[in-house]
There are 2 protein chains.
Amino acid sequence: MKLDEFSLISFLSRKLSVFNSEVVVGIGDDAAVVKNNDGFCFFTTDVLVEGVHFLDNWKESVSNLYYSLGRKLVAISASDIASMGGIPTYGLIDLLIPESYDLKELEEFYDGISDFCSELKITVIGGDTSKSSVKTFSFFLVGKGNGYMLRSKAKPGDLVAVTGTFGDSAAGLEQLLKGEVENRFLVERFLNPIPRVEKGIEALNLGVKACTDVSDGLAFNLYTIAESSGVAVKLESEKIPLSPHLLSYAGSRETALKYALYGGEDYELIITFNERLLSDVESLGFTVIGEVTEGKGVFVDGRKVEKKGYNHFGGKR
Amino acid sequence: MKLDEFSLISFLSRKLSVFNSEVVVGIGDDAAVVKNNDGFCFFTTDVLVEGVHFLDNWKESVSNLYYSLGRKLVAISASDIASMGGIPTYGLIDLLIPESYDLKELEEFYDGISDFCSELKITVIGGDTSKSSVKTFSFFLVGKGNGYMLRSKAKPGDLVAVTGTFGDSAAGLEQLLKGEVENRFLVERFLNPIPRVEKGIEALNLGVKACTDVSDGLAFNLYTIAESSGVAVKLESEKIPLSPHLLSYAGSRETALKYALYGGEDYELIITFNERLLSDVESLGFTVIGEVTEGKGVFVDGRKVEKKGYNHFGGKR
């Protein structure tokens, strides 16, 4: 039997119970939230699986592939914490590799983890190892903070704003899969995403309540906001930030928008917020792309878009 | 290149830095320890990988195999928290399964997780999913407590005591691998280990300082105590607890002792403690099996035993 990832999670999580009153947010947002005497703790986990999230043969066109993968493993987990407005703090790594492996690659991988953990001041406090015929890397990340944002807090009347540009990563992946790495910028955006940790914290500090990160494509992740908040989201396509690199690669704005809406792994943040915060939000570098209204669905230039995205059966719960 | 798991971890962890003063114990014990205003948090992770920790074809001789695996995934992580004297509290699951899978097995697996989490009052707060050609289950467990025990706290003059019996699990695994499940008790001990959470908490409350759990065999895990504490451990073989099931399966006490010393996955606790606690420790149900002295190594009946164990390249950091 096949279920898509999101149905599977919803199906299985019904089996699980909550036993601890400190759990403020369990399964269903970018990270779990637990209250303690110091404030809040955030918990998330992400995996990179060979053959699903990366191919070993990319090392033919990318030098230091495993360095990037180590770095990316930390980055995509940190992005979940960023979307809560939290500070990434402690990590644990599960490292599953074949019995015979290339020690240089493994060192590269750890250098990627180590360098990016240093950058974000994350302490790796443990992990597990095993052999496996499929290279599999799991990261568990703990964050902390004094408050948090949720994808379910969008309200009619809110404005919608984002960090960065969209679609670059999907175009980068496409090039890697073709084995034609011509636009390094786009490939870098796929391999070395930058989690918007500072932006998340700054948005939270401004009073922003609703946030998520874009792992599955702008359309899909706007749907997660719309559905969990019980609202509609309306975008103006001309406001969606696209990089000159993507525009050049795609050949037209219309094609570039498809990468932006239905690609994935941008790891940019989407926030919704009350209009009175507009100038503050803009001064943080966010770009307003639309608004929240009563209703259902996600609309671009008045037309409802499909709820489809980068469901590699490998996104987030 | 091949390195055994323990050398690999020691090699790689040199690359990682500690950025948070709240980290009391990082990589190197059964779980990491972080101090906070509420006391201490413990963090651990364990994996079960098809072809390494279990074989899919065991379902031919074991009904509800995936139920047991779900339960076991929680149990072996909880055992790490138990050996710190902590209370298992929150968990996250990474679930990696083939694109086409048996939904009934997956439900069984989640029932196993759910039932055992209910038993231990663990709340599952998140996770990640992906497809993978190798079934891989990762659990990340957070525990809490007001104090903790470490494997490095054994002192010359301490007594050594354990919970339960040893070697059963290794004999159970042997039967599964042969496809001859004759002694259900032994197979159950492998598939459904019981983490000694209550015993760990009780030992900590008595004032016991040194503890570890036996995942890699009694000899190996005594070596982890001896080496990290800078002491020697001396056992009397006649005191090592062996089940009548193992004695019957092995045919002689001598053979049974080999399973006990060099098998693994017993998930029993080893503690060392000052003699003045003897009657209290015994009243908790622990069995004294030897003593800690100055020196190096692990000895049984005066003879040094090898530091070998269940290094399936899948033990703990």
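Residues numbered from 1 in each chain as written. Chains lettered and ligands numbered in written order. Predicted model: local features only at pLDDT ≥ 70, side-chain atom pairs only at ≥ 80, totals over all residues.

Before going further, it helps to spend a moment on the overall build of chain A. Looking only at helices and strands, chain A has 10 helices and 13 strands in total. What you see for chain A is a C-alpha radius of gyration of 19 Å, in line with the 20 Å of a compact globule of 317 residues. With respect to the principal axes defined by its C-alpha atoms, chain A has extents near 55 × 55 × 45 Å. For chain A, the share of sequence-separated contacts (at least 6 apart) that also reach a separation of at least 24 residues comes to 83%. (Helix = DSSP H or I, 4+ residues; strand = E, 2+ residues; numbered from the N terminus. Rg over C-alpha atoms; globule rule 2.2 N^0.38 Å. Contact = placed C-beta atoms within 7 Å.)

Moving on: the relation of the copies chain B and chain A. The two copies are related by a screw operation: chain B maps onto chain A through 180° of rotation and 0.0 Å of translation along the axis, at an RMSD of 0.0 Å. In symmetry terms, the pair is related by a two-fold rotation axis. Both copies present the same face, since 98% of the interface residues in chain B are matched by interface residues at the equivalent positions in chain A. (Least-squares fit on C-alpha atoms with pLDDT ≥ 70 in both.)

On to the nonpolar core, then. If you look at the biggest cluster of nonpolar residues, it comprises 200 residues, and the most contacted ones within it are Phe42, Phe43 and Ile271 of chain A together with Phe42, Phe43 and Ile271 of chain B. Look past the residues within four positions of Phe42 of chain B in its chain and what remains in contact with it is Ala31, Ala32, Val33, Ile81, Met84, Gly86, Val142, Gly143, Lys144 and Gly145 of chain B. (Core = buried A, V, L, I, M, F, W, Y, C linked by C-beta atoms within 7 Å. Buried ≥ 20, exposed ≤ 12 C-beta atoms within 10 Å, placed from the backbone.)

Bringing the sheet that holds strand S4 (residues 87-97) of chain B into the picture now. Residues and elements named next belong to chain B. Strand order in the open sheet formed by 6 strands is S1-S2-S3-S6-S4-S5, with mixed pairing between adjacent strands. Only two strands of the sheet have a single neighbouring strand rather than two, namely strand S1 (23-25) and strand S5 (123-131). In this sheet, adjacent strand axes meet at a mean angle of 20° when their direction is disregarded. Pairing analysis gives 10 bridges linking strand S3 (residues 39-49) to strand S6 (residues 136-145), with the strands arranged antiparallel. Of the residues in S6, the one forming a bridge with Val47 is Ser138. (Pairing = 2+ DSSP bridges. Axes fitted to C-alpha atoms, helices over the stretch in contact; angles between N-to-C directions.)

A word on unusual backbone geometry. Trans peptide bonds make up the majority, and among non-glycine residues the majority have a negative phi. For Asn64 of chain A, which is not glycine, the phi torsion reads 55° and is therefore positive. Locating Asn64 of chain A in the fold gives a position in the loop between strand S3 (39-49) and helix H2 (65-82).

Attention now goes to the interface of chain B and chain A. Counting residues at the interface gives 64 residues for chain B, matched by 63 residues for chain A. Breaking the side of chain B that touches chain A down by element, the ones donating at least two residues are helix H1 (5-13), strand S2 (32-36), S3, S4, helix H3 (103-120), S5 and S6 of chain B. For the side of chain B that touches chain A, the element with the highest residue contribution is S5 of chain B, accounting for 9 residues. Here the side of chain B that touches chain A is composed, by residue class, of 29 nonpolar, 22 polar and 13 charged. (Nonpolar A, V, L, I, M, F, W, Y, C, P; charged D, E, K, R; others polar.)

This part is about the environment of Ser100 of chain A. Locating Ser100 of chain A in the fold gives a position in the loop between strand S4 (87-97) and helix H3 (103-120). Residues Ser100 of chain A and Lys131 of chain A lie 31 residues apart in sequence; the distance between their C-alpha atoms is 8.9 Å.

We now examine the packing of helix H4 (residues 168-178) of chain B against helix H5 (residues 184-191) of chain B. Each pair of packed helices can be summarised by the angle the axes make with each other and by the distance between the axes. Residues and elements named next belong to chain B. Axis separation between H4 and H5 bottoms out at 7 Å; the angle between their running directions is 105°. Here H4 lies roughly perpendicular to H5, going by the angle between them. Between H4 and H5, the residues in contact are Asp168, Ser169, Ala171, Gly172, Leu173, Gln175 and Leu176 and Leu186, Val187, Glu188, Arg189 and Phe190, respectively. Residues that form the contact of H4 with H5 fall into these classes: 6 nonpolar, 3 polar and 3 charged. (Parallel < 35°, antiparallel > 145°, perpendicular 65-115°, else oblique.)

So, about helix H9 (residues 253-262) of chain B. Restricting attention to buried positions, one finds in H9 of chain B the residues Ala256, Leu257, Tyr259, Ala260 and Leu261 of chain B. Taken together, the buried residues of H9 of chain B touch H4, helix H7 (218-229) and helix H8 (244-250) of chain B.

This brings us to the pairing of strand S9 (residues 232-235) of chain B. Residues and elements named next belong to chain B. Sheet analysis places S9 next to strand S11 (residues 287-293), joined by 4 bridges and oriented antiparallel. In the strand pairing of S11, Leu235 is matched with Gly290. Taken together, the 4 bridges between S9 and strand S12 (residues 297-300) define a ladder with parallel strand orientation. Residue pairing in the sheet places Val233 in a bridge with Val298 of S12.

Residues and elements named next belong to chain B. Spatial ordering of the open sheet is given by S8-S10-S7-S11-S9-S12-S13, a layout of 7 strands whose pairing is mixed. Among the strands making up the open sheet, the edge pair consists of strand S8 (210-213) and strand S13 (303-304). Of the pairings in the sheet, the one linking strand S7 (residues 159-162) to strand S10 (residues 269-273) comprises 4 bridges and is antiparallel in character. Looking at the pairing, Val162 lines up with Ile270 of S10.

All names here are of chain A. In terms of domain boundaries, chain A breaks down into domain 1 (5-145) and domain 2 (151-304). If you average the C-alpha positions of domain 1 and of domain 2, the two centres end up 22 Å apart. Between domain 1 and domain 2, the residue contacts involve 19 residues of the former and 21 residues of the latter. Broken down by secondary-structure element, the contributors of at least two residues to the side of domain 1 that touches domain 2 are H2 and S4. Among the residues making up the side of domain 1 that touches domain 2, the classes are represented as 9 nonpolar, 5 polar and 5 charged. (Domains from an automatic or database assignment.)

Another point: helix H6 (residues 197-206) of chain A. Residues and elements named next belong to chain A. For H6, every residue scored as buried is listed here: Val197, Lys199, Gly200, Ala203 and Leu204. When H6 is viewed along its axis, its buried side chains cluster within an angular range of 165° and face the same direction. Looking at the buried positions of H6, the neighbouring elements they touch are H2, S4, H3, strand S8 (210-213) and strand S10 (269-273). The positive-phi residue at the C-terminal boundary of H6 is Gly207, with phi of around 110°. (Arc of directions from axis to C-beta.)

Attention now goes to the confidence of the model for chain A. Residue and element names in this part refer to chain A. Of the residues in chain A, 94% have a pLDDT of 70 or more, and the chain-wide mean is 92. Below a pLDDT of 50 lies the segment residues 312-317, which in the model reaches 28 contacts outside its immediate sequence neighbourhood of four places, other chains included. ipTM for the predicted complex: 0.91, alongside a pTM of 0.93. (pLDDT = per-residue confidence, 0-100.)

Residues and elements named next belong to chain A. Relative to the elements of secondary structure, Glu108 occurs in helix H3. Look at Glu108 and you get buried, because 20 C-beta atoms sit within 10 Å. Residues Glu108 and Phe273, 165 residues apart in the sequence, show an inter-C-alpha distance of 41 Å. Here Glu108 is in contact with Asn64, Tyr66 and Tyr67, once residues within four sequence places are set aside.

Regular strands place side chains that alternate from one sheet face to the opposite one. Residues and elements named next belong to chain A. With 11 of 11 residues buried, S4 is to be regarded as a mostly interior element. As defined by bridge partners, S4 adjoins strand S6 (residues 136-145) across 9 bridges and the pair is classed as antiparallel. Counterpart to Pro88 in the pairing with S6 is Gly143. Here S4 runs beside strand S5 (residues 123-131); their pairing, made up of 8 bridges, is parallel.

A few words now on the environment of Leu269 of chain A. Residue and element names in this part refer to chain A. Relative to the assigned elements, Leu269 resides in strand S10. In this structure Leu269 comes out as buried when scored by C-beta crowding, with 28 C-beta atoms within 10 Å. As for Leu269 and Ala31, which are separated by 238 residues in sequence, their C-alpha atoms are 14 Å apart.

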